Amino acid sequence: MNILRLVAAEKEKKKNPSGAFKKLEDEAKKCPSNERKSGPAVQDKNDLKHSLSPMQYHVTQERGTERPFSGKHLRRKEEGVYTCIVCDNVLFHSSSKFEHVCGWPSFRDVIAQGKVSYTTDTTHGQVRVEATCAQCGSHLGHVFDDGPKNHPVRYCVNSASLEFKKHTTV
Ligand SMILES: [Zn+2]
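I will try to describe carefully the structure that is included in this document. Each chain has its residues counted from 1, following the order in which its sequence is written. For a predicted model such as this one, the threshold for reporting local features is a pLDDT of at least 70, and the threshold for listing and counting side-chain atom pairs is 80 or more; totals across whole chains, interfaces and linings nevertheless cover every residue.

### Overview of the overall build of the chain
Inference 1: In terms of helices and strands, the chain carries four helices and nine strands.
Inference 2: Reading the helices (α) and strands (β) of the chain from amino to carboxyl end gives α-α-α-α-β-β-β-β-β-β-β-β-β.
Inference 3: Exposed residues have 12 or fewer other C-beta atoms within 10 Å of their own C-beta, buried residues have 20 or more, and residues in between are partly exposed; the C-beta atoms are placed from the backbone. Counting only residues that meet the buried cut, the chain has 31% of its 170 residues in that class.
Inference 4: Contacts in the chain between residues at least 24 apart in sequence constitute 59% of all its contacts with a sequence separation of at least 6. Helix numbers and strand numbers start at the N terminus; a helix is a DSSP run of H or I with at least 4 residues, a strand a run of E with at least 2. Whether two residues are in contact depends on their C-beta atoms, placed from the backbone: they are in contact if these lie within 7 Å.

See below:
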């Protein structure tokens with residue numbers, strides 16, 4: 001494959017992101033990161049420092065990023081749901097999780113609309129769509145348009161911001 005053609009295709013993709021991603025991007029534009037609101041405080045920040053691990057605190061409260069391939073949920077394949085580590089908001093179902101080369105857990109979609117909020121993140125010289133928990137404002141990760149062919153939206157989420165709950169049979 002001609003490399004120039006590949007580059008041109010990539011550029012075209014950037015100009016015309018998928019409809020679903022464009023929608024999230026537009027939603028994020030309404031809320032630049034410097035105007036980003038945190039949801040209702042679930043717990044005092046000091047309490048969180050005690051209840052969360054240093055990495056969980058760094059990721060969710062200081063918008064940090066865990067090292068790629070270091071997260072505990074990266075290779076998890078069991079059936080269940082992923083909840084916000086801070087407030088228990090149910091965010092993702094295991095059926096939308098997929099393997100991606102990036103090194104962080106990747107999901108095709110949230111479990112239901114309104115579970116995640118989107119803001120525009122302009123740190124690190126990039127313009128990215130940041131995903132935060134809609135209930136408590138915790139940072140989760142970012143949303144990209146490089147997902148699987150039939151579903152290009154990809155939620156790239158830090159394991160440190162998620163708790164996994166196995167489906168239990170009643
Ligand atoms: Zn939350």
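### Quick notes on helix H4 (residues 54-61)
Inference 1: All buried positions along H4 are accounted for by Gln56, Tyr57, Val59 and Thr60.
Inference 2: Close packing links the buried residues of H4 with helix H3 (45-51) and strand E7 (139-144).
Inference 3: Phi for Arg63, located one or two positions after H4, is positive at around 50 degrees.

### Points about the sheet that holds strand E2 (residues 90-93)
Strand pairing within a sheet occurs via backbone hydrogen bonds; the two strands may be parallel or antiparallel.
Inference 1: One bridge is not enough; two strands pair if DSSP finds at least two bridges between them. Spatial strand order, E2-E1-E9: three strands in an open sheet with antiparallel pairing. Where the open sheet ends on each side, the last strands, each with one partner, are E2 and strand E9 (162-166). The mean angle between the axes of side-by-side strands here comes to 30 degrees, regardless of whether they run parallel or antiparallel.
Inference 2: Direction of pairing for strand E1 (residues 80-84) relative to E2: antiparallel, over a ladder of three bridges. Within E2, the position partnered with Val81 by the bridge is His93. Note on method: axes are straight lines fitted to C-alpha atoms, helices fitted across the in-contact stretch only, with angles between N-to-C directions ranging 0 to 180 degrees.

### Comments concerning the environment of Leu24
Inference 1: As for its placement among the helices and strands, Leu24 is situated in helix H2 (residues 19-29).
Inference 2: By the C-beta count within 10 Å, which is 20 here, Leu24 ends up buried.
Inference 3: When the C-alpha atoms of Leu24 and Thr120 are compared, they prove to be 9.9 Å apart, with 96 residues separating the residues in sequence.

### Examining the pairing of strand E6 (residues 128-133)
Inference 1: For E6, the tally of buried residues reaches five of six residues, placing the bulk of the element in the interior.
Inference 2: Bridge count between E6 and E7: four bridges; the pairing is antiparallel. Across the sheet, residue Thr132 finds its bridge partner in E7, namely His139.
Inference 3: Counting the residues in the hairpin turn of E6 and E7 gives five residues, including Gly137, whose phi is positive at 80 degrees.

### Re the sheet that holds strand E4 (residues 106-107)
Inference 1: Strand order across the open sheet formed by six strands is E3-E4-E8-E7-E6-E5, with antiparallel pairing between neighbours. Two strands in the sheet have a free side with no partner beyond their single neighbour: strand E3 (97-98) and strand E5 (116-121).
Inference 2: Sheet topology note: the E3/E4 ladder contains two bridges and is antiparallel. Paired with Phe98 across the strands is Ser106, a residue of E4.
Inference 3: Across the sheet, H2 lies against E5, E6 and E7, angled at about 70 degrees from E5, the strand it touches most.

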